[in-house]
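A closer look at the structure
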Amino acid sequence: MIRCEGNTLVVQGAVTVNNVTALTQEGIALLDHAHMLVDLQQVTEVDSTVISMLFEWLREANKKNCHLEFIRLPASIESLIQLYGVNDIITPLSNPSKPES
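Heads up: these notes are all about the structure in this document. (Residues numbered from 1 in each chain as written. Predicted model: local features only at pLDDT ≥ 70, side-chain atom pairs only at ≥ 80, totals over all residues. Heavy atoms only, no water.)

Brief notes about helix H1 (residues 20–29)
Think of an α-helix as 3.6 residues a turn; residues three or four steps apart then line up on the same face. The set of residues buried in H1 consists of Val-20, Leu-23, Thr-24, Gly-27 and Ile-28. All buried residues of H1 lie within an arc of 135° about the axis, which places them on one face of the element. Exposed positions of H1 whose direction lies more than 90 degrees from the buried face are Thr-21, Ala-22 and Ala-29. Contacts from the buried residues of H1 go to strand S1 (2–5), strand S2 (8–15) and helix H2 (49–63). (Buried < 20%, exposed > 50% of the residue type's maximum accessible area, 1.4 Å probe, protein only. Helix = DSSP H or I, 4+ residues; strand = E, 2+ residues; numbered from the N terminus. Arc of directions from axis to C-beta. Contact = heavy atoms within 4.5 Å.)

Right under this line is the structure:
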């Protein structure tokens, strides 16, 4: 599930092969600010498909001229980012504050 709090997308629950397509589309539809944060702290379960979802969001945000940043990544997502060597593409914001829209 994804909920929007101003310019922050809060992702909750599992992100796996079972629901990643729906979550990806849901997130894309919510990219409607010039600068958005994606809060991943409430993600409870992941598989490698979470990386493809984050890449797709980055691509779509770029198309919409939206600056997208990731905050509060759980260790499971950080491990996948390291495993796939994409830490230069998916870089968490170290000091998250919610910028105004």
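Regarding the side chain of Asn-7
Examined against the element boundaries, Asn-7 turns out to sit in the loop between S1 and S2. Taking relative accessible area as the criterion, Asn-7 reaches 5% and is therefore assigned buried.

A word on the pattern of salt bridges
Under the definition given, this model contains four salt bridges. Across the salt bridge formed by Asp-39 and Arg-72, the nearest N and O atoms sit 2.7 Å from each other. Here the residue Asp-39 occupies a position in strand S3 (residues 35–46), and Arg-72 occupies one in the loop between strand S4 (67–71) and helix H3 (75–83), the gap between them amounting to 33 residues. The class for Arg-72 is partly exposed, based on a relative accessible area of 41%. The partner of Glu-60 in a salt bridge is Lys-63, with the nearest N and O atoms 3.2 Å apart. (Salt bridge = Lys/Arg side-chain N within 4 Å of Asp/Glu carboxyl O.)

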